[in-house]
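Chain by chain, the residues run as shown.
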Amino acid sequence: MNDIIVNKWAMGLAIFSFGFLSIGSFLFGATATTSVLRGFGGGVLFGTSLWLAWLLVNEEKDEIEGDPEAEVNADVESAQESTKKTDVTDPNAVKEKFLKKAIELAEKSKKEKEDKYDQEATPF
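About the cut-offs
- Residues numbered from 1 in each chain as written.
- Predicted model: local features only at pLDDT ≥ 70, side-chain atom pairs only at ≥ 80, totals over all residues.
- Heavy atoms only, no water.
- Helix = DSSP H or I, 4+ residues; strand = E, 2+ residues; numbered from the N terminus.
- Buried < 20%, exposed > 50% of the residue type's maximum accessible area, 1.4 Å probe, protein only.
- Expected span 1.5 Å × (residues − 1).
- Contact = heavy atoms within 4.5 Å.
- Patch = residues over 30% accessible without salt bridge, like charges linked within 9 Å, V, L, I, M, F, W, Y side chains within 5 Å.
- Areas by Shrake-Rupley, 256 points an atom, 1.4 Å probe, with all protein chains shown as cover.
- Salt bridge = Lys/Arg side-chain N within 4 Å of Asp/Glu carboxyl O.
- Lys, Arg positive; Asp, Glu negative; His and termini not counted.
- Charge placed at Lys NZ, Arg CZ, Asp CG, Glu CD.

Student: What's the story with the overall build of the protein in this structure? I'm lost.
Tutor: The helix and strand tally for the protein stands at four helices and zero strands. Of the regular secondary structure in the protein, the N- to C-terminal order runs α-α-α-α. Taken across its 124 residues, the protein has 11% of its residues classed as buried.

Student: What should I look at first to understand helix 1 (residues 3–27) in this one?
Tutor: Turn by turn, an α-helix covers 3.6 residues, leaving residues three or four places apart pointing in a common direction. Over its 25 residues, helix 1 runs 36 Å from end to end, which matches the ideal 36 Å to within 8%, given 1.5 Å per residue. Along helix 1, the residues classified as buried are Val6, Ala10, Ala14, Ser17, Ser22 and Ser25. Backbone geometry just after helix 1 places Gly29 at a positive phi near 105°.

Student: Just to check I follow, could you spell out the environment of Leu21 for this structure?
Tutor: Note that Leu21 resides in helix 1. Each residue touching Leu21, except ones within four places of it in the same chain, is listed here: Ser35, Arg38, Gly39, Gly42 and Phe46.

Student: Sorry if this is basic, but what is going on with a negative patch on the surface here?
Tutor: Where like charges cluster on the molecular surface, the negative patch consists of Glu112, Glu114, Asp115 and Asp118. Along the chain, Glu112 turns up in helix 4 (residues 93–121).

Student: Sorry, what's going on with the side chain of Ser17 here?
Tutor: Mapped onto the elements of the fold, Ser17 is located in helix 1. Residues contacting Ser17, with those up to four places away along its chain left out, are Gly39, Gly42, Gly43 and Phe46.

Student: For this particular structure, what's the right way to read a nonpolar patch on the surface?
Tutor: A cluster of nonpolar side chains, Ile5, Trp9, Leu13, Phe16, Phe20, Leu45, Phe46 and Leu50, forms an exposed patch at the surface whose accessible area comes to about 830 Å². Taken together, the elements giving at least two residues each to the nonpolar patch come down to helix 1 and helix 2 (32–64). In terms of residues, the nonpolar patch owes the most to one element, helix 1, which gives five residues. Its place among the elements puts Leu45 in helix 2.

Student: Sorry, what's going on with the environment of Asn2 here?
Tutor: Along the chain, Asn2 turns up in the segment before helix 1. Note on Asn2: relative accessible area 40%, which makes it partly exposed. Placed 56 residues apart in sequence, Asn2 and Asn58 show a C-alpha to C-alpha distance of 9.2 Å.

Structural data, given as structure tokens:
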């Protein structure tokens, strides 16, 4: 959709809202001035809401447009570089580090439990 079509839709919605709210308010007992003001407010509200919604969608589309192949190529190159770096490193290093930390935490927890038990077991 181009901007001209959206502008026509927004204007049409604004005019329809103005007429519907003005006539409806007048039929339900509002004064002519109040009816016109309600119609004007509704027309502005609904017309601008449609126009602003299209403006946001249109800006989103512009941000997405570009050279998608360049982005994909950059992602592939960075992934290839990261895999080259991980090939050189030791695959078991992370596992060993994790196991050492788990053993340390288990020993610390065991020592804390023993200290707590010794404090509770001592009568004085």
